[in-house]
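Listed below are the residues making up each chain.
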Amino acid sequence: MKKINSLILILSLGLASSVSAQKKTIDQRVDSVMKLMTLKEKVGQLNQYSGREVTGPSSDRKNYLLNDIKNGMVGSMLNVKGVKDTREIQAIALQSRLKIPMLFSLDVIHGYKTVFPIPLAESASWDIDAIRATAHVAAAEAAASGIHWTFAPMVDIARDPRWGRVMEGAGEDTYLGSVIARARVLGFQGNKLGAVDGIMACAKHFAAYGASMAGRDYNPVDMSEQQLHEIYLPPFKAAADAGVATFMNSFNTLNGIPATGNSYLQRDILKGAWGYKGFVVSDWGSIKEMLPWGFATDLNEAAKFAIEAGSDMDMESEAYKKELESLIKSGNVNVKVADDAVRRILYKKFELGLFDDPYKFSDEKREAKVMNDPSYQKIALAAAQKSIVLLKNKANILPLQKSMQRIALIGPLVNAKRDQAGSWVVYADTANIVSVNEGMRAKFGNAQFSYSEGTSITDTSTVGFNMAITTAKNADVVVMVLGENWDMSGESKSRTDISLPGKQEELFNAIKATGKPVVVVMMAGRPLVFNNIADKADAIVYAWFLGDQGGNAIADVLSGDYNPSGKLPMSFPRNVGQIPIFYNHYNTGRPVTKSNDIRYKSAYIDSPNDPRFAFGYGLSYTSFAYSDLKLAQASVIKGQTMKLSFTLTNTGKVTGEEVAQLYIQDKVASLVRPVKELKDFAKVKLNSGESKVINFELTPAKLAFYKEKFGWITEPGIFKVMIGGSSDEIKLEGDFKLR
Ligand code: GLC
């Protein structure tokens with residue numbers, strides 16, 4: 001048998017060597033392996049387990065996993081990390097008859113050992129190069145630790161901050177989300193899969209998980225095909241166009257059909273219209289969850305629905321392992337469907353080079369070297385600085401003067417370390433995390449610091465208030481660090497009330513009542529509601545969860561050593577009753593034109609319609625002027641690109657970065673169109689007094705909208721062009737005609 005195998009392999013290689021493209025070589029090599037596989041071995045490649053126990057103490061679960069691995073019944077493991085453990089498990093996988101190497105995967109969402117800002121924070125930087133750089137470092141560290149594949153980027157558009165997983169994505173806007181999706185895929189994967197400083201990425205959760213009803217995790221999603229294609233799918237398409245190696249489906253139903261059993265999503269759109277060649281992994285147990293959804297009668301039916309709908313790999317349901325062989329043998333599932341899934345998975349294993357060297361990513365020397373690269377903390381600091389959004393700065397109280405200051409640090413997150421790592425941290429090591437307390441003392445060497453917690457995040461008592469009040473009274477300025485703890489956002493962390501937990505608002509009021517100037521640093525994994533603080537604080541800095549360098553980045557901003565440049569990637573509601581709230585809303589037939597005249601208008605009687613802080617908003621220590629908008633033509637014909645330019649000037653006293661945003665409005669169309677849509681942006685650094693001409697392009701694709709039965713179309717008419725530093729602060733306007 002062995003001789004025949006190697007003969008077939010040599011023949012296939014020989015045949016393959018006559019073909020030119022690397023891809024056909026892999027195709028031929030995949031064919032040669034598939035020809036040797038039994039049906040059981042094929043099913044094994046479609047099975048993925050979580051493997052924390054597999055390298056732990058002896059247990060029934062461990063034996064169960066090891067036995068399946070040894071028998072070639074496991075194509076991939078998640079949650080096995082580190083060179084030692086991945087080598088150990090890979091060696092067991094290579095004991096199987098065909099020695100097909102194992103794929104090791106992990107949720108490397110915003111860093112592996114070096115912890116970067118949570119993805120929503122990084123999205124607030126609008127700095128695409130910085131975002132790509134942190135993904136690349138995360139990949140380099142993971143790849144040096146035996147990991148081949150991360151379950152990131154999460155590219156779910158989200159307009160509902162009650163949903164805990166907004167922390168994991170790029171916010172509410174499709175264009176920004178698409179640009180960031182591409183950057184993260186390229187950051188994780190590098191230019192070509194197989195390099196040992198890159199890993200496979202995974203566009204998730206396919207699709208529309210961010211629109212879970214009422215912001216409640218795992219809830220249904222109902223939406224028109226038009227909204228699905230126009231708002232929620234483009235970031236996935238951007239990831240696919242960037243070459244993302246895998247997709248992960250989602251826990252939600254889409255219009256009544258679970259995503260994992262949804263062939264419209266996975267076959268018609270992804271593998272059909274988009275021609276996607278990678279593979280789809282189910283989300284954890286989502287195949288089995290078709291039973292409680294009431295979509296499948298039993299695991300056998302769930303396996304059939306899932307494989308036929310295009311779910312190639314089964315994470316933790318064991319549906320394929322238990323049911324697929326019999327489904328195929330009984331003719332209930334066509335073997336070709338399973339073969340396609342196996343081929344897609346084997347192709348990636350070849351592309352990574354695992355058949356040539358199953359241990360190539362598990363190199364102890366490289367692991368030791370890469371994991372302690374000091375340059376990574378510099379990248380983490382830059383990312384953290386750029387992610388901070390300055391929301392308020394009354395009387396320019398910021399930046400704080402470095403000298404002669406008695407600075408009181410008050411609040412439950414002043415000493416936060418683990419909290420600053422946010423959710424989805426795969427490495428428990430918080431040793432590198434710099435607290436605000438540490439960062440501030442390092443930065444403001446000459447200041448006198450005092451500290452009082454005042455209250456904990458979830459405290460219901462005010463017993464610590466008096467000490468905090470006294471501390472404040474003995475200071476020149478108070479810096480309060482308030483917000484959520486890390487575990488209040490992330491998966492299965494939806495909140496019905498997105499105000500500050502515990503007694504933090506009351507603590508703020510008590511400190512403000514001392515008459516001292518109060519700077520609030522807010523840490524959270526989502527937009528929060530904090531109107532009282534927004535009204536009364538002297539300055540507010542939104543710091544999200546910034547990872548290892550959080551404390552230093554915050555100190556850099558409060559001291560002025562870094563001029564804040566972040567802009568909000570999500571609208572901040574005034575109250576939870578406004579949700580879903582987003583900037584690219586529709587005008588309606590009864591728009592509110594004067595804020596005091598809301599009678600018979602599309603408005604609330606108890607709240608303004610607009611958010612507390614708008615999408616794209618963020619202040620700087622300098623100021624910028626927008627002038628001289630020029631459109632290349634008064635009109636363009638279909639298929640032509642409209643070029644435009646304007647001049648941006650730093651009119652303030654210090655160097656700063658501005659995110660200039662380009663919005664359009666299609667004034668009249670056969671479908672109503674949003675009042676504005678982001679279609680380009682540029683983050684520009686200017687010295688005081690410096691001006692720069694910025695060029696934007698409106699390609700035909702940017703003028704298109706999705707219409708059911710027609711797909712993406714453009715229609716003749718007037719387009720309004722708007723440019724500014726926030727969606728609610730348009731500085732330049734113009735219009736042109738599309739003929
Ligand atoms: C989780 C998440 C998914 C993650 C997977 C593996 O339930 O929904 O984003 O990648 O399981 O941990």
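Just so you know, these numbers come straight off a predicted model, no measurement behind them.

What counts and what doesn't
- Residues numbered from 1 in each chain as written.
- Predicted model: local features only at pLDDT ≥ 70, side-chain atom pairs only at ≥ 80, totals over all residues.
- Heavy atoms only, no water.
- Phe/Tyr/Trp six-rings, centres within 6.5 Å; stacked < 30°, edge-to-face > 60°.
- Helix = DSSP H or I, 4+ residues; strand = E, 2+ residues; numbered from the N terminus.
- Buried < 20%, exposed > 50% of the residue type's maximum accessible area, 1.4 Å probe, protein only.
- Lys NZ or Arg CZ within 6 Å of the ring centre and 35° of its normal.
- Pairing = 2+ DSSP bridges.
- Axes fitted to C-alpha atoms, helices over the stretch in contact; angles between N-to-C directions.
- Near = heavy atom within 4 Å.
- Polar contact = N/O pair within 3.5 Å; in protein donor to acceptor, adjacent residues only side chain to side chain.
- Areas by Shrake-Rupley, 256 points an atom, 1.4 Å probe, with all protein chains shown as cover.
- Nonpolar A, V, L, I, M, F, W, Y, C, P; charged D, E, K, R; others polar.
- Domains from an automatic or database assignment.
- Contact = heavy atoms within 4.5 Å.
- Buried area = accessible area lost by both parts, 1.4 Å probe.
- Salt bridge = Lys/Arg side-chain N within 4 Å of Asp/Glu carboxyl O.
- pLDDT = per-residue confidence, 0-100.
- Expected span 1.5 Å × (residues − 1).
- Right-handed = clockwise from strand over helix to strand, strands pointing away.

**Side note on the packing of aromatic side chains**
A complete count under the given rule lists 30 aromatic pairs for this structure. Relative to F613, the ring of F572 lies with its centre 6.4 Å away and its plane at 80°, an arrangement referred to as edge-to-face. A residue pair is termed long-range when its members are at least 10 positions apart, and F572 in the loop between α22 (550-559) and β17 (624-631) and F613 in the loop between α22 and β17 qualify at 41 residues. Each member of the pair, F572 as well as F613, is classed as buried. Aromatic side chains Y583 and Y663 sit 5.5 Å apart centroid to centroid with 70° between the ring planes, which places their arrangement in the edge-to-face category. In this pair, Y583 is assigned in the loop between α22 and β17 and Y663 in strand β20 (residues 656-666), connecting sequence segments 80 residues apart. A relative accessible area of 0% means that Y663 is categorised as buried. Grouped by ring-pair contacts, the aromatic residues W126, Y175, Y583, F615, Y663 and F681 constitute a single cluster. The aromatic ring of Y427 is capped on one face by K81, whose charged end is 5.8 Å from the ring centroid. If you follow R159 out to its NZ or CZ, it ends over the ring of F582, 3.6 Å from the centre.

**What about the sheet that holds strand β14 (residues 477-483)?**
By way of backbone hydrogen bonds, the strands of a sheet pair with one another, either parallel or antiparallel. The mixed open sheet is built from 6 strands, whose spatial order is β11-β16-β15-β14-β12-β13. Looking at strand neighbours, the two that pair on one side only are β11 (389-393) and β13 (448-452), the edges of this open sheet. Direction aside, the axes of adjacent strands within the sheet are offset by 15° on average. Across 5 bridges, the pairing between strand β12 (residues 406-410) and β13 is parallel. Residue pairing for β13: I410 is matched across the bridge by S452.

**Thoughts on the site of the ligand**
Not every one of the 13 residues close to the ligand is listed here, only the nearest: D107, R165, K204, H205 and D283. Between the ligand and H205, the relevant distance is 2.7 Å, taken from an oxygen atom to a side-chain nitrogen or oxygen of the residue. Within the side chain of E491, one N or O atom sits 3.0 Å away from an oxygen atom of the ligand. Coverage of the ligand by the protein amounts to 94% of the 310 Å² it exposes when considered alone. The class makeup of the residues in the shell around the ligand is 7 nonpolar, 1 polar and 5 charged.

**Here's the deal with unusual backbone geometry**
With an omega dihedral of -5°, the bond running from K204 to H205 counts as a cis peptide bond. By the element assignment, H205 lies in strand β5 (residues 202-206). Geometrically, the link from L398 to P399 is a cis peptide bond, its omega value of -5° lying close to zero. On the secondary structure map, P399 appears in the loop between β11 and β12. Look at D628: it is not a glycine, yet its phi comes out positive at around 60°. Inspection of the secondary structure assignment puts D628 in strand β17.

**Focus on the domain arrangement of the protein chain**
Looking at the assigned domains, one finds that the protein chain contains domain 1 (38-105 + 334-373), domain 2 (374-578) and domain 3 (624-738). Put simply, the middle of domain 2 and the middle of domain 3, counted by C-alpha atoms, are 34 Å apart. Across the boundary between the two partners, domain 2 contributes 5 residues, which contact 9 residues of domain 3. A buried area of about 510 Å², summed over both sides, lies between domain 2 and domain 3, and 36% of it is on carbon and sulfur atoms. Taken as a group, N563, S565 and K567 account for 83% of the area that domain 2 buries against domain 3, more than any other trio of residues on that side. Where domain 2 meets domain 3, there are 1 salt bridge.

**As for the confidence of the model for the protein chain**
This prediction gives the protein chain a mean pLDDT of 95; 96% of its residues lie at or above 70. In this model, residues 1-21 is a region of pLDDT below 50 whose contacts with residues beyond four sequence positions or in other chains number 13 contacts.

**Considering the side chain of T114**
Turning to its location among the elements, T114 is positioned in the loop between β3 (103-106) and α6 (119-123). The class for T114 is buried, based on a relative accessible area of 5%. Side-chain polar atoms of T114 contact the side chain of E141, separated by 2.6 Å. Discounting chain neighbours no more than four positions away, the residues touching T114 are E141, Y376, Q377, A380 and D548.

**Some details on helix α14 (residues 335-351)**
Its 17 residues place the ends of α14 24 Å apart at the C-alpha level, agreeing with the 24 Å of an ideal helix rising 1.5 Å per residue. When we look at burial in α14, the residues that qualify are A338, D339, A341, V342, R344, I345, L346, Y347, K348, K349 and F350. Capping of α14 at its N-terminal end is provided by N334; its side-chain oxygen lies 2.7 Å from the backbone amide nitrogen of K336. Trailing α14 by a residue or two, G353 shows a phi angle of about 85°, which is positive.

**Brief notes about the pairing of strand β16 (residues 539-542)**
Neither face of β16 is exposed, since A539 and V541 on one face and I540 and Y542 on the opposite face are all buried. Both β11 and β16 contribute to a ladder of 4 bridges, which runs antiparallel. From the neighbouring strand, V389 faces β16, where its bridge partner is Y542. Bridge count between strand β15 (residues 518-523) and β16: 4 bridges; the pairing is parallel. Bridging across to β16, V519 finds its partner in A539. Read from β15 through helix α21 (residues 531-536) to β16, the crossover connection turns out right-handed.

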